[in-house]
Amino acid sequence: MLKTVLKRILQCIPTLFIVMTFTFILTRMIPGNPAATILGPQASAADIAAMEVKLGLDLPKWQQYINYIVDVLQLDFGTSYMYNQPVLDLIAERIPNTLQISLVALVVALILGVGAGMFSALHQYSVLDYVLMILALVGVSIPIFWLGLMLVNVFSVELGWLPPLGRGSLENGLWDVVSHMILPCACLCTIPMATFARITRSSMLEVIHNDSIKALRARGISETSVIWKHALKNALPPIVTVLGLQIASCFTGAILTETIFSWPGMGTMIVNAITNRDYMLIQGVVLFFALVFVLVNLLVDMIYMLINPRVSYEGGDKK
Amino acid sequence: MSESLLTVNGLKTYFYTASGVSRAVDGVSFTLEAGEVMGIVGESGSGKSVTSNSIIRLLPPAGKIVAGEVKFEGRDILAMSKKELQEFRGSDIATIFQDPMTSLDPVFKIGKQMVEMICAHQKISKEDAKKLAISALERVGIPEPAKRMESYPYELSGGMCQRVIIAMAVCCKPKFILADEPTTALDVTVQAQVLDLLKDLQREMNTSILLITHNLGVVWEMCDKVMVMYAGNTVESADTKELYANPLHPYTWGLLDSIPKLSDENKSELQTIPGTPPDLRLTGKCCNFYNRCPYMTEACCQSVPPLVEVEPGHFVACHRQNGVNKLVRNEARGEVSCHD
């Protein structure tokens, strides 16, 4: 097991290297010049040239690339042009904001989504099953920007119950923070919740018609144990796959949701970095996202092995 | 007279499907005494498994028991609450299913599954349950039982899995074992071992067994009495020896003729029963076997033959075993060969 994990970690390195290369190429392909963006429209050509030298952008592209790789290997992810702060500090500053809403949204989505999926599977073809599955279909297909704007319109503009944007502050009491989180969380959890509901339902339906479940009932095992222990564990792998992807996207933040609610998280930061041609920040953030996805995938594979003993990634090693 | 262990009376289990009502079991009755082994034989779709699943009330949602009664030691199984049913399954009545590889939960260790089952029915500690499980595994001939407790089902062969399932079945000392084609998924040598094991356990514990099979050889080895089913109904039932010595229903003849014989020196062709079983949505108006029966008469197309006791303990449902047209097997054979 330990050997497998180490092997998988080593396999991640080429992936990350490819991501770094592509981000470097793509950022350089965006039209625009970071030096000119920083100095503004009034800057003279000489000022811009001086700035380019300062940022190291006057060097040939291949040399910039090598510099970047060498820096990253020394764990130096560069300094943001726009904020004039190390990229790592900026990520460390924004990540808690993003996690604050994304983790809450994920937990809500997981509990309600899996719960709804279990209910639907156990009451297949009942009225509530149809209602839940239609809601889940709406949930996965609804455009997030539209949902966000509608939520703001109804709960902030019309009803005036919840604040439309911002983060609130603990100084104004806990409710201020919570009330600012409700709408973004609701917006964020819709798609994962619907996905969990649908995947749980289909996976459970497949499992509860298995002979092994019938055999458990024939052995007089209690219905609670049959469903929540045996059937759920058998049905878990696809749910864990979806969960892994959702955990990863928790860290990357939600560009649309964060923009609608002016939430200062990773999503808004990368949008700003792209509009300002902040090469270092874009590269740093994308590399960070890639790292998160790679690690979460690794984690998911490890969890598979724990859930289902038949899964093994060692195959080729055995002689 | 004391109560029979299991009484099934006029059991009717129908499946309500989009294309109509399928009469999977249509009025089956039998009794089973303590310590008795009874076989139900018939081809696929004759209602054997639905009968056994009706006894433990484990039917798929489309299947409904519409009539009849099933009593176990005088208790009405069909009237049991979910809770009572749960206690009853596994402790009084153990079930062994056809495919051992799919009868165990693949994601839990064997020991864990056995302990869970024992603890569900007996008020003993986990440690004691574990000891009981190990001794049961030992009893069914599993080498290194303590080690096997830590195995997952996929690490065992089919025969081993079936032994584990039998060990589980006997852990709670059931009075009755329902064995639904317990050897069909196993290869022949393992089949014999599993059957021997079942028979030994049955003698040791004086358990009753209802053995569902389509293999008449297995019935001969194992059973005290046999019921032959066809298209959801009993066509013949008798003591095993009586049935083999004096089969009365043409369908039973067909089944017996289609057993390959090693002693057959002429290497004659293996007999089969021509045709296919009827559509279960359309049965119940005439003899279900009439379209495949070489001895069919007009009466066969007009009414369902009742199950009649023609000799003590020997029941048959055939118009031609009743009254003037009485068939005798050897003569009937001649009758058919004349047709040829």
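Residues numbered from 1 in each chain as written. Chains lettered and ligands numbered in written order. Predicted model: local features only at pLDDT ≥ 70, side-chain atom pairs only at ≥ 80, totals over all residues.

A. Inspection of the overall build of chain A at higher detail. Along its length, chain A carries 13 helices and 0 strands. Traced from its N-terminal end to its C-terminal end, chain A shows the element sequence α-α-α-α-α-α-α-α-α-α-α-α-α. Oriented by its inertia axes, the alpha-carbon framework of chain A measures out at about 85 × 70 × 35 Å. Within chain A, the proportion of its 319 residues that are buried is 33%. Put simply, 71% of the contacts in chain A that link residues at least 6 apart link residues at least 24 apart. (Helix = DSSP H or I, 4+ residues; strand = E, 2+ residues; numbered from the N terminus. Buried ≥ 20, exposed ≤ 12 C-beta atoms within 10 Å, placed from the backbone. Contact = placed C-beta atoms within 7 Å.)

B. Molecular detail of the domain arrangement of chain B. Residues and elements named next belong to chain B. Splitting chain B by domain gives domain 1 (6-223) and domain 2 (250-339). Taken together, the contact pairs 12 residues of domain 1 with 8 residues of domain 2. At the level of elements, β2 (20-32) and α9 (216-222) are the ones that each hand at least two residues to the side of domain 1 that touches domain 2. Looking at which element gives the most residues to the side of domain 1 that touches domain 2, the answer is β2, with 6 residues. Split into classes, the residues belonging to the side of domain 1 that touches domain 2 amount to 4 nonpolar, 5 polar and 3 charged. (Domains from an automatic or database assignment. Nonpolar A, V, L, I, M, F, W, Y, C, P; charged D, E, K, R; others polar.)

C. A look at the interface of chain A and chain B. At the interface, 19 residues of chain A touch 23 residues of chain B. Those elements giving two or more residues to the side of chain A that touches chain B turn out to be α9 (211-218) and α10 (223-252) of chain A. Tallying contributions element by element places α9 of chain A first for the side of chain A that touches chain B, with 7 residues. Class assignment of the residues belonging to the side of chain A that touches chain B gives a composition of 6 nonpolar, 7 polar and 6 charged.

D. A look at the confidence of the model for chain A. The share of residues in chain A with pLDDT of 70 or more is 97%, and the mean pLDDT across the chain is 86. Within chain A, helix α6 (residues 127-141) of chain A carries the highest mean pLDDT (91), whereas helix α2 (residues 34-39) of chain A carries the lowest (80). (pLDDT = per-residue confidence, 0-100.)

E. Seen up close, the packing of helix α7 (residues 144-158) of chain A against helix α8 (residues 174-208) of chain A. All names here are of chain A. Interhelical geometry of α7 versus α8 gives an angle of 150 degrees and a closest axis separation of 10 Å. Taken together, the axis directions place α7 and α8 in an arrangement best described as roughly antiparallel. For the pair α7 and α8, the crossing hand works out as right-handed. Contact with α7, carried on its side by Ile144, Leu147, Gly148, Leu151, Val152 and Phe155, involves Leu183, Ala186, Cys187 and Thr190 of α8 and no other residues of that element. For the contact of α7 with α8, the class distribution of residues is 8 nonpolar, 2 polar and no charged. (Axes fitted to C-alpha atoms, helices over the stretch in contact; angles between N-to-C directions. Parallel < 35°, antiparallel > 145°, perpendicular 65-115°, else oblique. Left-handed = near helix turned anticlockwise from the far one by under 90°.)

F. How the structure looks around the sheet that holds strand β4 (residues 63-72) of chain B. All names here are of chain B. Taken in spatial order, the 4 strands of this open sheet run β2-β1-β4-β5, and their pairing is antiparallel. The open sheet terminates on both sides in strands that have one partner only, identified here as β2 and β5 (75-76). Where β4 meets β5, 2 bridges bridge the pair, whose relative direction is antiparallel. Residue Lys71 lies in a different strand from β5, and its bridge partner there is Asp76. (Pairing = 2+ DSSP bridges.)

G. The arrangement of the sheet that holds strand β10 (residues 233-239) of chain B in detail. All names here are of chain B. In spatial order, the strands read β6-β7-β8-β3-β9-β10-β12-β11; together these 8 strands make up an open sheet with mixed pairing. Every other strand in the sheet has two partners, leaving β6 (93-96) and β11 (308-311) as the edge strands with one partner each. When the angles between neighbouring strand axes are averaged without regard to direction, this sheet yields 20 degrees. In this sheet, strand β9 (residues 225-230) lies alongside strand β3 (residues 37-41) in parallel orientation, the contact comprising 4 bridges.

H. Quick look at unusual backbone geometry. Residue and element names in this part refer to chain A. Of note in this structure, Asn84 is not a glycine but carries a positive phi near 60 degrees. Along the polypeptide, Asn84 turns up in the loop between α4 (61-73) and α5 (87-122). With a phi angle near 50 degrees, Arg277 is a residue other than glycine that sits in the positive phi range. For Arg277, the position within the fold is in the loop between α12 (266-275) and α13 (279-307).

I. Broad picture of the pairing of β2 of chain B. Residues and elements named next belong to chain B. Bridge analysis of strand β1 (residues 6-17) against β2 gives 10 bridges, and the strand direction is antiparallel. Along β2, the bridge assignment pairs Thr17 with Gly20. Hairpin geometry of β1 and β2 is characterised by an intervening segment of 2 residues between the two adjacent antiparallel strands.

J. View of the nonpolar core. Ranked by size, the top nonpolar core spans 131 residues in total, and within it Ala133, Val164 and Cys171 of chain B carry the most contacts. Mapped onto the domain boundaries, this core takes at least three residues apiece from domain 1 (6-223) and domain 2 (250-339) of chain B. In this structure, Ile270, Tyr279, Val286 and Phe289 of chain A belong to the second largest nonpolar core, which totals 18 residues. (Core = buried A, V, L, I, M, F, W, Y, C linked by C-beta atoms within 7 Å.)

K. Representation of the environment of Cys172 of chain B. Looking at the element boundaries, Cys172 of chain B is found in the loop between α7 (158-171) and β7 (176-180). Residues Cys172 of chain B and Gln122 of chain B, spaced 50 residues apart in sequence, show a C-alpha to C-alpha distance of 7.6 Å.

L. Structural detail: the pairing of β3 of chain B. Residue and element names in this part refer to chain B. Across the 5 residues of β3, 5 count as buried, placing the element largely inside the fold. Burial along β3 is two-sided: Val37, Gly39 and Val41 and Met38 and Ile40, pointing in opposite directions, are all buried. Two strands pair when backbone bridges link them, and β3 and strand β8 (residues 208-213) are joined in this way by 5 bridges, in the parallel orientation. When the bridges of β8 are listed, Gly39 appears paired with Leu211.

M. Focus on helix α1 (residues 48-55) of chain B. Extensive coverage of α1 of chain B is indicated by the burial of 7 of its 8 residues. Where α1 of chain B ends, the next residue or the one after it, Arg57 of chain B, has phi of about 50 degrees, a positive value.

N. Geometry of the packing of α12 of chain A against α13 of chain A. Residues and elements named next belong to chain A. Two numbers describe how α12 lies on α13: the axes approach to 8 Å, and their chain directions differ by 140 degrees. In this structure, α12 crosses over α13, and the sense of that crossing is left-handed. The residues of α13 that touch α12, namely those facing Met266, Met269, Ile270, Ala273 and Ile274, are Leu281, Ile282 and Val285.

O. Quick look at the environment of Pro143 of chain A. Residues and elements named next belong to chain A. Looking at the secondary structure, you find Pro143 in the loop between α6 and α7. Assessed through the 9 C-beta atoms surrounding it within 10 Å, Pro143 is described here as exposed. Pro143 sits 113 residues away from Leu256 along the chain, and the two C-alpha atoms are 9.9 Å apart.

P. Examining α9 of chain A more closely. Residues and elements named next belong to chain A. Of all 8 residues in α9, 6 are buried, a share of seventy percent or more. Every buried residue of α9 is accounted for by Ser212, Lys214, Ala215, Leu216, Arg217 and Ala218. Positive phi shows up at Gly220, right after α9, with a value of about 80 degrees.

Q. How the structure looks around the confidence of the model for chain B. Residue and element names in this part refer to chain B. Per-residue confidence for chain B averages 86 on the pLDDT scale, and 94% of its residues sit at or above 70. Ranking the elements of chain B by mean pLDDT puts helix α12 (residues 329-339) last with 54 and β3 first with 93. Across the interfaces of the predicted complex, the ipTM metric reaches 0.84, alongside a pTM of 0.78.

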